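Given next are the chains, with one letter for each unit.
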Amino acid sequence: MGIIVQKFGGTSVADADKILAAARKAIRTQQQGHQVVMVVSAMGKNTDVLVDLAGQLTSKPPAREMDMLLSTGEQVSVALMAMAINELGSKAVSLTGGQIGIKTDSSHTKARIQSISTERLRKHLDDGHIVIAAGFQGIDEDFNITTLGRGGSDTTAVALAAVLQADACEIYTDVDGVFTTDPRIVAEARKMDRVSHDEILELASMGAGVMHSRSIEFGKKFGVPIHVCNSASFSDEPGTVIDLLPESIDRPVSGVALTKNEAWISLANVPDQPGTMDTLFSKLGGVNVAVDMIVQNVGKGGKAEVSFTVLESDLPATLNAVNDVANELGDIEITSEANVSKVSIVGLGMATQTGVADRMFRAFADEGINILAITTSQIKVSALVRREQAMQALRAVHSEFQLDKPPKDRVSFGDKSAAVQPPSPIDVVARLQRMEDLTIDDIQLDESQGRITVSHVPDTPGIAAEIFEAVAAENIMVDMIVQGTGRDGMANISFTVPKESVSAATEVVRPVAANLECGPVTHDKQIAILSVFGIGIRTHTGVGVRMFQALSRTGINVEMVSSSEMRVNVVVSADRGQAGLKALQAAFDDVIG
Ligand code: ADP
Ligand code: ASP
Ligand code: MG
C-alpha cells in the first residue's frame, strides 16, 4: 500500500464546504487503498490578515514572534480538517510541524528544513489515520516555532513525500495546473500537461507563484513525482505533472513569467579589478538581499559599471548596503530606478536552438517596448522593461511563441526516460540530515566561447532585435547575453558564441551596429567561462559570493556574470581559466556531491 501526500492551498480550504470537499478527496484516496498524508495551508487569506494585524502594532515585528503568529493559521486549518474527516466517518489526526518533528534551522520567517522524523507519521498511518500536517512550519533545536517563508506549504508537502517515499505528491490549488504564464494576467495562458523541474524552478523564481521554488528543489533532489491539480475539479482531471522532461522537446520556450516589482541599481566608476564584485555582493549577501540580472559593462580606463536588480521591497536595504560599499571602493556613483519589471522566457529547448532570444526582442520592438537590460542563462532570457509596459511585454512574448497552442510533438507519458528515478531508500536517509543544504553537482571550465561587445547602443526600442536577428540568420548559437543601460542612456551589449563563430558573428553585427548608430563592435577570443552547477543555487544566495571571493583571492577579475536556478557562470580571461577552476574547486570542496 503506497503513500499519497495531498496538499491543499489557502483557497482550497477557505470555508467549511471547501474543507469538507478536501476531506472527501482524501477519504476517497484512502478508500482506494492508499495511506494519505494531507498538508494544509491557512484558510483563505488568513496569513495576510495576520501579517496585517502585526503591522498595525509595529513596523518591525520580531521574526520569532512573527513565526509564532503566522503558524497559527495552519493550526486552525488542520484541526478543522481533522474534525471534517471524523464527521465523514473516517479516522484522522492533526499534527503541527513540531509534533511531526520537522526540524529547521533558526532563520525565522525563512527557515530551512534540516530533518524530518517519520516515526510518528508512520505510526498514525499504520493505525489507519489520515494524517493532517500543518504546512509551512517547523521547530528549531530550541523548540522555537519557525516558518519556511510565504507559500512554504508546498515545500512541507514535497519534503514529507520525499521522506515517506510517497508514490506521489498532489498539490491542489485554485487553477487547473501549471500554465504557460499566470492565467490571471494573460487570458490565453494554457495549462501544460507536463513541465520539467528545471523549467518550473526558473518560472517560479521569476514570479510564477503557483509553486514554492524550494518544493521543486526537493522534488528534483529526491525524485518525488508532483502533480498540480485544481481542488475544485470534480472529475479529478489530470493537472500538470512536474518531472524530468518538458512538455515538448522541440519547443524553444515553455513558459513566460513576470516579476512585476523590480528595482534597478547602477554603480558607475567602479574599480575594474579583482575583489570588487566580492566586496559588493558579500555586503548584499550579508543583508540577505537576493540579487538578479547582474551586468558588468566591460571597463574603460580601469573603471567599470556594475548594475543589478533586486525586488523593489529590498531597495532601501540595498541602497544602504551599497552606500557602505561605496565608501570602501572609492568614488562610486549610485543611481537607482524603481519603476521596472522583469519579463522572462523559459524553456529547456532554447539550450540547443539558435534564434530564440531575437524573437523575444523583436516581439518587444514591434510593440515599441524598450529593453533596459538583458541577462540569460541556458534555459532563460530575462529582459527588464518599464513597469507600465510590463503586461504588454508579457502578452507579446506569450503570443510570439504561440504558447496558447499545444505543442505538436508532445513527450509521451509512456516515455521511460521521462520518469523520475527516485533515489534508493538508503540514499534518502543518508541525505536527510540537513535536507535543504546546498549541494554542488559540478564545476566546469568552458574554453570554447568567445565574446563580442557592441558598445554605445542607443536607448531606443528594436536594437537588440536587429543585432540578434543578424546573428540568428547565420545560424550561430548565442550563449550568454548581457546588456545594461548606463547613466548616459547608452548600453553595451555583450554576448558569447563558439570561438569558431566569433569572426562571422562580428562581421554580420558590424554593419547592423553602424546602421543603428552604435559605437564600435569589438571581440575577444581570449575568454573562459567558469560555471558552478547545483540545486538551489539562487535560494542559497551565498553561491555567487563564494565564487567571487575565491576568484578575487586568486587575483582573477570577473568580466561577465550570469546566473540561474541551476548554475552561476562567470567570464574570466582565458589565461586564468585553469587557475579559476582550481580556486572554485577548493572553495566548494565541502559541498560538492
Ligand atoms: P495556493 O494557495 O493553492 O498555494 P497560490 O496562490 O500560491 O495557491 O498559487 C496559485 C496561483 O498562482 C494561481 O491562482 C495563479 O494566479 C498563480 N500563478 C502564477 N503563475 C502561474 C502559472 N504559470 N501557472 C498557474 N498559476 C500561476
Ligand atoms: N499560509 C502560508 C502563506 O500564505 C503558507 C502557504 O500558503 O503555503 O504564505
Ligand atoms: Mg501557494
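Computed from a predicted structure; not experimentally measured. (Residues numbered from 1 in each chain as written. Chains lettered and ligands numbered in written order. Predicted model: local features only at pLDDT ≥ 70, side-chain atom pairs only at ≥ 80, totals over all residues. Heavy atoms only, no water.)

Let's talk about the side chain of Thr 375
And then number 1: By secondary structure assignment, the location of Thr 375 is in strand E17 (residues 373-377).
And then number 2: Discounting chain neighbours no more than four positions away, the residues touching Thr 375 are Met 293, Ile 294, Val 295, Lys 380, Val 381, Ser 382 and Ile 481. (Helix = DSSP H or I, 4+ residues; strand = E, 2+ residues; numbered from the N terminus. Contact = heavy atoms within 4.5 Å.)

Some words on the pattern of salt bridges
And then number 1: Under the defined criterion, the tally for this structure stands at 21 salt bridges.
And then number 2: Note that Glu 469 is salt-bridged to Arg 362, the shortest N-O span being 2.8 Å. Placement of the pair is Glu 469 in helix H14 (residues 463-473) and Arg 362 in helix H11 (residues 357-366), with a sequence separation of 107 residues.
And then number 3: Close ionic contact of Asp 524 with Arg 451 constitutes a salt bridge, the shortest N to O distance being 3.5 Å. One end of the pair, Asp 524, is in strand E23 (residues 521-524); the other, Arg 451, is in strand E20 (residues 449-457), with 73 residues separating them in the sequence.
And then number 4: Among the residues examined, Arg 451 registers a relative accessible area of 5% and is labelled buried. (Salt bridge = Lys/Arg side-chain N within 4 Å of Asp/Glu carboxyl O. Buried < 20%, exposed > 50% of the residue type's maximum accessible area, 1.4 Å probe, protein only.)

Notes on the site of ligand 2
And then number 1: Close contacts around ligand 2 come from Ser 41, Ala 42, Thr 47, Glu 74, Phe 136, Arg 150, Gly 151, Gly 152 and Ser 153, and that covers them all.
And then number 2: A distance of 2.8 Å separates a nitrogen atom of ligand 2 from a polar atom in the side chain of Thr 47.
And then number 3: In the shell around ligand 2, the residues fall into 2 nonpolar, 5 polar and 2 charged. (Near = heavy atom within 4 Å. Polar contact = N/O pair within 3.5 Å; in protein donor to acceptor, adjacent residues only side chain to side chain. Nonpolar A, V, L, I, M, F, W, Y, C, P; charged D, E, K, R; others polar.)

Quick word on the packing of helix H6 (residues 153-163) against helix H8 (residues 213-222)
And then number 1: Following both chains from N to C, one finds H6 and H8 inclined at 15 degrees, their axes separated by 7 Å at the closest point. Between H6 and H8, the angle falls in the class roughly parallel. Our pair here, H6 against H8, has a crossing hand that is left-handed. Listed contacts from H8 to Asp 154, Thr 155, Val 158, Ala 159 and Ala 162 of H6 are Arg 214, Ser 215, Phe 218, Gly 219 and Phe 222.
And then number 2: Tallied by class, residues from the contact of H6 with H8 come to 5 nonpolar, 3 polar and 2 charged. (Axes fitted to C-alpha atoms, helices over the stretch in contact; angles between N-to-C directions. Parallel < 35°, antiparallel > 145°, perpendicular 65-115°, else oblique. Left-handed = near helix turned anticlockwise from the far one by under 90°.)

Focus: the site of ligand 1
And then number 1: In the vicinity of ligand 1 there are 16 residues, among which Thr 173, Asp 174, Phe 179, Asp 182 and Arg 184 approach most closely.
And then number 2: Note that an oxygen atom of ligand 1 is positioned 2.9 Å from one of the side-chain N or O atoms of Asp 174.
And then number 3: Here an oxygen atom of ligand 1 and a side-chain polar atom of Arg 184 are 2.8 Å apart.
And then number 4: Protein burial of ligand 1: of its 570 Å² of free accessible surface, 83% is covered by the chains.
And then number 5: Residues belonging to the shell around ligand 1 are distributed by class as follows: 6 nonpolar, 6 polar and 4 charged. (Areas by Shrake-Rupley, 256 points an atom, 1.4 Å probe, with all protein chains shown as cover.)

Let's talk about the environment of Leu 319
And then number 1: Inspection of the secondary structure puts Leu 319 in helix H10 (residues 315-329).
And then number 2: With 54 residues separating them along the chain, Leu 319 and Ile 265 place their C-alpha atoms 8.3 Å apart.
And then number 3: Not counting chain neighbours up to four residues away, the residues in contact with Leu 319 comprise Ile 265, Ile 334 and Ser 336.

Some points on the nonpolar core
And then number 1: Core analysis: the largest hydrophobic core is formed by 49 residues, its most contacted members being Val 343, Ile 345, Met 360, Phe 361, Phe 364, Ile 467 and Phe 495.
And then number 2: If one sorts the elements of this core by residue count, H14 sits on top with 7 residues.
And then number 3: Once residues lying within four places of it in the same chain are set aside, the contact partners of Met 360 are Val 343, Ser 344, Ile 345, Val 381, Ala 383, Val 397 and Phe 401.
And then number 4: If you look at the next biggest cluster of nonpolar residues, it comprises 46 residues, including Val 93, Leu 121, Ile 200 and Leu 203. (Core = buried A, V, L, I, M, F, W, Y, C linked by side-chain atoms within 4.5 Å.)

So, the confidence of the model for the protein chain
And then number 1: The pLDDT averaged across the protein chain works out to 90; a share of 94% of its residues lies at or above 70.
And then number 2: Counted against residues more than four places away or in other chains, residues 418-422, with its pLDDT under 50, gives 13 contacts. (pLDDT = per-residue confidence, 0-100.)

Structural notes on the packing of aromatic side chains
And then number 1: A full pass over the atoms with the stated rule returns 6 aromatic pairs.
And then number 2: Judged by centre distance (5.5 Å) and plane angle (40 degrees), the rings of Phe 281 and Phe 548 are tilted. You can see Phe 281 sitting in helix H9 (residues 276-286) and its partner Phe 548 sitting in helix H16 (residues 542-553), a full 267 residues away along the chain. When sorted by exposure, Phe 281 lands in the same class as Phe 548, which is buried.
And then number 3: Taken together, the ring pairs in this structure connect Phe 281, Phe 308 and Phe 548 into an aromatic cluster. (Phe/Tyr/Trp six-rings, centres within 6.5 Å; stacked < 30°, edge-to-face > 60°.)

Notes on a nonpolar patch on the surface
And then number 1: A surface patch of nonpolar side chains, about 250 Å² in accessible area, is lined by Val 76, Leu 80 and Met 83.
And then number 2: Of note, Val 76 is situated in helix H3 (residues 63-87). (Patch = residues over 30% accessible without salt bridge, like charges linked within 9 Å, V, L, I, M, F, W, Y side chains within 5 Å.)

Some details on empty space enclosed by the protein
And then number 1: Counting across every chain of the model gives 6 cavities of 30 Å³ or more.
And then number 2: One number sums up the size of the second largest cavity: a volume of about 130 Å³.
And then number 3: Lining of the second largest cavity is provided by 19 residues; of these, Asn 370, Ile 371, Thr 460, Ile 463 and Gln 483 occupy positions nearest its centre.
And then number 4: Elements with a minimum of two residues in the lining of the second largest cavity: H11, H14, strand E21 (481-485) and strand E22 (491-498).
And then number 5: Of the residues that constitute the lining of the second largest cavity, the class distribution is 13 nonpolar, 5 polar and 1 charged. (1 Å grid on protein atoms, 1.4 Å probe; cavity = no way out; pocket = protein on both sides within 12 Å on 5 of 7 lines; lining within 4 Å. Points joined across faces, edges and corners; volume = space filled by probe spheres on them.)

Observations concerning H3
And then number 1: Over its 25 residues, H3 extends 37 Å from the first C-alpha to the last, a length consistent with the 36 Å expected when each residue adds 1.5 Å.
And then number 2: Every buried residue of H3 is accounted for by Met 66, Asp 67, Leu 70, Ser 71, Gly 73, Glu 74, Ser 77, Val 78, Met 81, Ala 82, Ala 84 and Ile 85.
And then number 3: Count one or two residues on from H3 and you reach Gly 89, which has phi positive near 95 degrees. (Expected span 1.5 Å × (residues − 1).)

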